[in-house]
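Residue-level structural notes
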Amino acid sequence: MTTDLDKSFREILLGNPVNRAILERLPGLGVSDAWLVSGCLFQTVWNHLTGRTIDHGIKDYDVFYFDATDVSYDAEDVVIKRCEIVFSDLDAEIEIRNQARVHLWYEDRFELPYPPLRSSREGIDRFLEQTSMIGLRPTPDGAFDIYAPNGLARVFDMVVTPNRGAPHFSAERYREKVDRWRACWPEITVRI
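Residues numbered from 1 in each chain as written. Predicted model: local features only at pLDDT ≥ 70, side-chain atom pairs only at ≥ 80, totals over all residues. Heavy atoms only, no water.

A count of helical and extended segments in the protein chain gives eight helices and seven strands. The C-alpha radius of gyration computed for the protein chain amounts to 16 Å, which stays within 12% of the reference 16 Å derived for 192 residues, consistent with globular compactness. Its C-alpha atoms put the protein chain at 40 × 40 × 35 Å along the principal axes. For the protein chain, buried positions account for 48% of its 192 residues. Summarising the internal contacts of the protein chain: among those between residues at least 6 apart in sequence, 70% fall at separations of at least 24. Roughly 9600 Å² of accessible area belongs to the protein chain as shown, and the carbon and sulfur atoms make up 49% of that amount. In the protein chain, which carries 23 positive and 31 negative side-chain charges, the distance between the mean positions of the two groups comes to 4 Å. (Helix = DSSP H or I, 4+ residues; strand = E, 2+ residues; numbered from the N terminus. Rg over C-alpha atoms; globule rule 2.2 N^0.38 Å. Buried < 20%, exposed > 50% of the residue type's maximum accessible area, 1.4 Å probe, protein only. Contact = heavy atoms within 4.5 Å. Areas by Shrake-Rupley, 256 points an atom, 1.4 Å probe, with all protein chains shown as cover. Lys, Arg positive; Asp, Glu negative; His and termini not counted. Charge placed at Lys NZ, Arg CZ, Asp CG, Glu CD.)

Let us now look at the pattern of salt bridges. Between side chains of opposite charge, a pair can form as their charged atoms come close. Tallied over the full model, the rule gives 10 salt bridges. For Glu95, the salt bridge goes to Arg97, with nearest N and O atoms at 4.0 Å. Taking relative accessible area as the criterion, Glu95 reaches 28% and is therefore assigned partly exposed. On the accessibility criterion, Arg97 (26% relative accessible area) is partly exposed. Between Arg126 and Glu122 there is a salt bridge whose closest N-O contact spans 3.3 Å. You can call Glu122 buried: its relative accessible area is 13%. (Salt bridge = Lys/Arg side-chain N within 4 Å of Asp/Glu carboxyl O.)

Notably, Asp33 is not glycine yet its phi reads approximately 55°, a positive angle. The phi dihedral of Met158 is positive, around 60°, even though this residue is not glycine. Its location among the elements puts Met158 in the loop between helix H7 (153-157) and strand E6 (159-160). Met158 gets classed as buried once you look at its relative accessible area, which sits at 8%.

To continue, consider the state of the cysteines. All told, the structure shown has zero disulfides when counted by the stated rule. Cys40 forms no disulfide, and the closest cysteine sulfur to it belongs to Cys83, at a distance of 12 Å. You can call Cys40 buried: its relative accessible area is 0%. Free cysteine Cys184: the closest other cysteine sulfur is in Cys40, separated by 15 Å. With a relative accessible area of 18%, Cys184 lands in the buried category. (Disulfide = S-S within 2.5 Å.)

Taken in spatial order, the five strands make up an open sheet running E3-E2-E1-E4-E5, and their pairing is mixed. Bordering the open sheet on either side are strand E3 (94-98) and strand E5 (144-147), each of which pairs with just one other strand. The average angle at which neighbouring strand axes cross in this sheet is 25°, direction not considered. Here strand E2 (residues 61-65) runs beside E3; their pairing, made up of five bridges, is parallel. Bridge pairing links Tyr61 to Ile94 in E3. Against the sheet, helix H4 (residues 73-86) engages E2 and E3, with an angle of about 155° to E3. (Pairing = 2+ DSSP bridges. Axes fitted to C-alpha atoms, helices over the stretch in contact; angles between N-to-C directions.)

This is a description of form; function is not addressed.
Quick look at the structure:
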């Protein structure tokens, strides 16, 4: 069932031309369980709500996919290179990652264990804070699926809350993220 908040969310997101282009081209990447996720979504809404340019403060556009059939770096690199070609005309940093292989590199990079994932949605569930736990993907009928396990109210209320249930939660990394966001959007409310 589509709510008014869902409808507003989709309309605002599609007002960002980079979001729109990624969502239109996502099926052409030929990867499974593909979602546009996190900052480029809720930050587009924040920009709309605060009257800023639609891409203000958006560092990058993250795309998750899930392919457990080949978790090698080489297989992911093929998808990364395909992404570079498909999105080459967009003036934005687009990062695509196979969620089936995150556990292979996460601990080396962040010094925290990271249990294997079973889907892209499960990767979204592990974000360090709850407002960013959202994803959007196109459906074959031209509509969009929204995945927001905590709903969309926090996005529209501009409230940031930690996801202490994430197995790799770090108060230090959470503070780093919210400090950057607060610098771009001083209107946000940060919960500790």
